[in-house]
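# Analysis of the macromolecular model
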Amino acid sequence: MDRYADVILPVPLNQLFTYLIPEPLQNSVKEGSRVYVPFGKGRRLTGITVRTHGVRPDAHTVKEIMGVLDQDGPSVLPPQLKLMEWMADYCMCSPGDVMKATLPSGLRPDSSANDKPYKPRVEVFVKPGPKLPVQTPIDLSSLLGKTAVKQKEILQRYLDLSGYDSNPEAPAPVTRKALADGGKTWAAIRSLLDNGFIETYELETGRLPQFSGRTQEPPELSSAQQQALKGIKESLRSKNVCLLHGVTSSGKTEIYINLIREYMAQGKQVLYLLPEIALTTQIMHRLQRVFGDDMTVYHSRCSDNIRVEVWNRLTGPNPYKLILGARSAVMLPLRNLGLVIVDEEHEPSFKQEDPAPRYQGRNTAIMLAAISGAKTVLGSATPSLESYSNALSGKYGLVTLTERFRGMKLPTIEIVDTADLRRRKYMKGLFSPQLTESIREALANGRQAILFHNRRGYSGTVECPDCGWVQKCDCCDVSLTFHKSSDTASCHYCGRRYRVPLACPSCGSKALRGRGFGTERVEEEVAQEFPGARVARLDLDTAKDGYESIINDFQEGRTDILIGTQMVSKGLDFGGVSVVGILQADSIMSYPDFRSTERAYQLMAQVAGRAGRKDIEGKVIIQTRQPEAPVLDMVRRNDYNGFFNIQMEERQAFRYPPYTRLLSVTAKGTDMQAIERASSALALNLAQMFGQENVLGPDAPPVSRVQYLHIRRIIIKASLQMTVKTIRAKINEAVTKTASQNSLSGVTLSYDADPQ
Ligand code: ADP
Ligand code: ZN
Ligand code: ZN
């Protein structure tokens, strides 16, 4: 009987593809197997088998599978297949988009020229040659003569490293590199080889870092922490998700470590997700001290080869038990998942914006756990409104930890009115006297300071004071940011760089100047104000050449003041920080978005939480032109509940999540009129489906053209009663109708089920 396989292929079409399984392959093509198939004219692709069956598809010819890539069992596990299906559906993208996000490219070779298949790393090792005496100890002088100094030196090194003298039968493996010592010794090694004293052989070695050192017991939990741990375990008996709401520095990480140990002891795997792995070497080291080589790290900055090795290890006989990863780690093959931890669950960076699948990592993790029969723990000092309301409604468990570890006090927070100070001429550049004084005092006491500002570069825009001309990107509708260190103006949307003109191109004025300020300028002013201090800057520009050393230097006290963007807010744990300054809270509070207050509260509370974590009291200075803003007072009083209640009222009044489900449809294209026409027509059709009051837009987003593409966005507020399937069907219907009215040519539509 003929058998067929439905296969996901990495192409942007919203369907599966059916192939005939040739007789000899029928036993090896299984659910989750990777198969090699012909596609289109002479192309060959790797696909994932979703199911096999005996139903011949309704087509002229059915092509055959060419080969199976998985000989020892499928690469993609059943829970993963389910998750992939859910993602394509929920995120409204093609199964191929999900596949590309799931499988490292080294695991899906194709026939195209840029195909870079996975290459195992091979190393050259040295072993004893036939002429090396078995009698030990060996007298090198009689063996090699008096003159061959270099050869003797190298052979001696081999004997030492391999322990040959004490165990000539089974010497330890030694790499050729270890003998070569920098390369000046190749000739001598060559001679030893030619004379048969040593031989070389090749061996496949992995790229994954190995933990050297001994693992340690984690510290004992305080009684408050023990209680929280107990609370989490209890709530997970009846619920699938538990939210740990613990103030900054309450020791959430230590609680996770204890939980992980318990799941591991039951033979379960644990997935530990963090918003941005770039900044998590600290946590990695803390976990590695306890879990050693049972764990690995996985994120989008890992090379594809490393991703393949992690993947192979996880589908092999000895899988990792703990994976610390960024959002993409939810797609790893985990056979035996017992627990998912989502730390800093409120973080916007759990959301993938582009390309598709546009998924929310936290929500996807909860789904993964549900599919795998595992539990989820969400942790944060400032939970998202979504999660906290789920906890209050009883859908999730809730465990609260209100005290910092060792009874440290939360920092005191002072709000400083910069408009008033400037009027009275008390502001010195970017700094209020309060901030300057606090930093001075910290430095005098050998303490450290963190200065937060959410804009990188030197100045916000370059503009002409005479005619108002602003330097903009040629291909995006956005003003440029001036970077003094490279003396260029750059576009933070497409990355293009420009020279700043000497004179205004519009009126010829020579007085062009920068407006607004970024972290580069903060660094410059700090250097002037605190000449003796050692200063470092942590933002996307400096992170390029190694955020790790920046963080390490600050942690070890080799720098005194750390200036940074929101990168400094994410769960970093520095013991010596007594002062945190937020230079311009206004820029945080003014995003034109319904989440802006939530973001502002979370960001400020998290940045403030970096102060006073260890045996010193912390102080936070928030500079602002709007000292009366209610959110500032809530941050100052650490009033999460007050913040939550007010925000929820607003969300209810204006029908925003968590009271509705939000989806966005984005139209992009080079022809602005076509885009406007198409998106207006689509909005009308959507309004017929969802009701006028539930469709917003089309609107031009704040940056309405990126990379020559004009952008219009439509927001749909769907009732929570409506299923994702229904919503998707309605949207599809509206799109089909718009297309039939012939207004979608030249327009690319994309969907986002969790617009941020
Ligand atoms: P959070 O994740 O809640 O911000 P951390 O887990 O980073 O807090 O803990 C803050 C600091 O206190 C860390 O340096 C951590 O090592 C230390 N700490 C927390 N709990 C304990 C404990 N039980 N024993 C020893 N040190 C602890
Ligand atoms: Zn001008
Ligand atoms: Zn640009």
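Quick look at the overall build of the protein chain now. Regarding its fold elements, the protein chain presents 23 helices and 31 strands. Relative to a compact globule of 756 residues, whose C-alpha radius of gyration would be 27 Å, the protein chain shows 30 Å and is just as compact. When burial is assessed residue by residue, the protein chain has 54% of its 756 residues classed as buried. For the protein chain, the centre of its 95 positive side-chain charges and the centre of its 82 negative side-chain charges are spaced 2 Å apart.

Here we take up empty space enclosed by the protein. Applying the stated criterion across every chain, the model contains two cavities of 30 Å³ or more. The volume enclosed by the second largest cavity comes to roughly 40 Å³. The wall of the second largest cavity is formed by Pro79, Gln80, Leu332, Leu334, Leu337, Leu368 and Ser372. Going through the elements one at a time, helix H1 (78-90) and helix H11 (361-372) are the ones with two or more residues in the lining of the second largest cavity. Its residues assigned to classes, the lining of the second largest cavity comprises five nonpolar, two polar and no charged.

Turning our eyes to something else, we now look at the coordination of the zinc ion (ligand 3). Ligation of the zinc ion (ligand 3) by protein atoms is provided by Cys473 (SG), Cys476 (SG), Cys491 (SG) and Cys494 (SG), these donors lying 2.3 to 2.4 Å from the ion. Taken together, the four donor atoms surrounding the zinc ion (ligand 3) define angles of 106 to 111° at the centre, an arrangement classified as tetrahedral. Each donor residue of the zinc ion (ligand 3) lies on the same chain, and together they follow the pattern C-x2-C-x14-C-x2-C. No difference in accessibility class separates Cys473 from Cys476, as the two residues are buried.

Moving on, we come to the packing of helix H8 (residues 252-265) against helix H9 (residues 281-291). Where H8 meets H9, the closest approach of the two axes is 11 Å, and the angle between their N-to-C directions is 40°. Crossing geometry of H8 relative to H9 is assigned as right-handed. Residue-level contacts link Thr253, Glu254, Ile257, Ile260, Arg261 and Met264 of H8 to Ile283, Arg286, Leu287, Val290 and Phe291 of H9.

Let us now look at the coordination of the zinc ion (ligand 2). Those protein atoms acting as donors to the zinc ion (ligand 2) are Cys464 (SG), Cys467 (SG), Cys504 (SG) and Cys507 (SG), and they sit at 2.2 to 2.4 Å. Every donor counted, the four donor atoms about the zinc ion (ligand 2) form angles of 104 to 112° at the centre, which fits tetrahedral coordination. Spacing between the donor residues of the zinc ion (ligand 2) along the chain follows C-x2-C-x36-C-x2-C. Given the relative accessible area of 3%, Cys504 is considered buried.

This brings us to the site of ligand 1. Near ligand 1, the surroundings consist of 17 residues, among which Glu220, Gln225, Ser249, Lys252 and Asp573 are the closest. The contact in question runs from a nitrogen atom of ligand 1 to an N or O atom on the backbone of Glu220, over 2.7 Å. In the environment of ligand 1, an oxygen atom lies 3.2 Å from a nitrogen or oxygen atom belonging to the backbone of Ser250. For ligand 1, whose unbound accessible area comes to 560 Å², protein coverage reaches 82%. In terms of residue class, the shell around ligand 1 is built from four nonpolar, seven polar and six charged.

Okay, the sheet that holds strand S14 (residues 375-380) next. Pairing in this open sheet of seven strands is parallel, and the strands run S11-S12-S10-S13-S14-S9-S15 from one edge to the other. Because the sheet does not close on itself, it has two edges, and the strands there are strand S11 (295-298) and strand S15 (397-401). Ignoring which end each strand starts from, the neighbouring axes of this sheet average 15° apart. By the bridge criterion, four bridges tie S11 to strand S12 (residues 322-325) in an arrangement that is parallel. Opposite Val297, over in S12, you have Leu324 as the bridge partner. Sitting on the sheet, H8 touches strand S9 (241-246), strand S10 (269-273), S12, strand S13 (337-343), S14 and S15, and the angle it makes with S13 is about 170°.

The next thing to look at is the sheet that holds strand S1 (residues 3-8). A sheet is described by the order of its strands in space; here five strands give the open sequence S2-S1-S4-S3-S5, paired in antiparallel fashion. A strand with exactly one partner marks an edge of an open sheet, and here the two such strands are strand S2 (17-21) and strand S5 (67-68). Taken together, the two bridges between strand S3 (residues 34-39) and S5 define a ladder with antiparallel strand orientation. Each bridged residue has a counterpart across the sheet, and for Tyr36 the counterpart in S5 is Gly67.

Moving on, we get to helix H10 (residues 304-315). The end-to-end C-alpha separation of H10 is 17 Å, in line with the 16 Å expected for 12 residues at 1.5 Å each. Residues Arg307, Val308, Glu309, Val310, Trp311, Leu314 and Thr315 constitute the buried set of H10. Against the buried residues of H10 lie H1, helix H2 (95-102), S10, S11 and S12.

Let's shift gears to the domain arrangement of the protein chain. On domain assignment, one finds that the protein chain holds domain 1 (3-107), domain 2 (122-204), domain 3 (223-406), domain 4 (408-458 + 517-650) and domain 5 (661-753). The C-alpha centroid of domain 5 is placed 34 Å from the C-alpha centroid of domain 3. Taking both partners together, domain 3 and domain 5 bury about 260 Å²; carbon and sulfur atoms supply 25% of that area. Contact with domain 5 buries area across many residues of domain 3, yet Lys351, Asp354 and Arg358 alone supply 94% of it, more than any other trio. Our count for the domain 3 to domain 5 interface comes out at one salt bridge. Measuring nitrogen to oxygen at the nearest pair gives 2.7 Å for the salt bridge that ties Lys351 to Asp752. Summed over the shared surface of domain 3 and domain 5, the result is one residue pair in polar contact (both at pLDDT 80 or more). Along the lines of polarity and charge, the residues of the side of domain 3 that touches domain 5 split into no nonpolar, no polar and four charged.

What follows is about the environment of Arg121. Considering the arrangement of structural elements, one finds Arg121 in strand S6 (residues 121-128). Residue Arg121 is classed as partly exposed on the basis of its relative accessible area, which comes to 39%. Sequence-distant contacts of Arg121, that is, excluding residues within four places in its chain, are made with Leu203, Glu204, Thr205, Gly206 and Arg207.

In this structure the tally under the stated criterion is 14 aromatic pairs. For the pair Phe17 and Phe39, a centre-to-centre distance of 5.4 Å together with 90° between the ring planes defines the contact as edge-to-face. Residue Phe17 is located in strand S2, and its partner Phe39 is located in strand S3; the two are separated by 22 residues in the primary sequence. A relative accessible area of 13% places Phe17 in the buried class. A centroid spacing of 4.8 Å and a plane angle of 85° characterise the contact between Phe554 and Phe574, whose relative ring orientation is edge-to-face. Separated by 20 residues along the polypeptide, Phe554 in helix H17 (residues 547-555) and Phe574 in the loop between strand S24 (561-564) and strand S25 (577-582) bring together distant segments of the chain. Note on accessibility: Phe554 and Phe574 belong to one class, buried. Put simply, the rings of Tyr388, Tyr601, Tyr640, Phe643 and Phe644 touch in pairs and so form one group of aromatic residues. Over the ring of Tyr656 we find Lys717, and its NZ or CZ is 4.2 Å from the ring centre.

Analysis parameters
Residues numbered from 1 in each chain as written. Chains lettered and ligands numbered in written order. Predicted model: local features only at pLDDT ≥ 70, side-chain atom pairs only at ≥ 80, totals over all residues. Heavy atoms only, no water. Helix = DSSP H or I, 4+ residues; strand = E, 2+ residues; numbered from the N terminus. Rg over C-alpha atoms; globule rule 2.2 N^0.38 Å. Buried < 20%, exposed > 50% of the residue type's maximum accessible area, 1.4 Å probe, protein only. Lys, Arg positive; Asp, Glu negative; His and termini not counted. Charge placed at Lys NZ, Arg CZ, Asp CG, Glu CD. 1 Å grid on protein atoms, 1.4 Å probe; cavity = no way out; pocket = protein on both sides within 12 Å on 5 of 7 lines; lining within 4 Å. Points joined across faces, edges and corners; volume = space filled by probe spheres on them. Nonpolar A, V, L, I, M, F, W, Y, C, P; charged D, E, K, R; others polar. Donors = N, O, S within 2.8 Å, 3.2 Å for Na, K, Ca; no water. Tetrahedral: all angles 85-135°; square planar, octahedral: opposite > 155°, others 65-115°. Axes fitted to C-alpha atoms, helices over the stretch in contact; angles between N-to-C directions. Left-handed = near helix turned anticlockwise from the far one by under 90°. Contact = heavy atoms within 4.5 Å. Near = heavy atom within 4 Å. Polar contact = N/O pair within 3.5 Å; in protein donor to acceptor, adjacent residues only side chain to side chain. Areas by Shrake-Rupley, 256 points an atom, 1.4 Å probe, with all protein chains shown as cover. Pairing = 2+ DSSP bridges. Expected span 1.5 Å × (residues − 1). Domains from an automatic or database assignment. Buried area = accessible area lost by both parts, 1.4 Å probe. Salt bridge = Lys/Arg side-chain N within 4 Å of Asp/Glu carboxyl O. Phe/Tyr/Trp six-rings, centres within 6.5 Å; stacked < 30°, edge-to-face > 60°. Lys NZ or Arg CZ within 6 Å of the ring centre and 35° of its normal.

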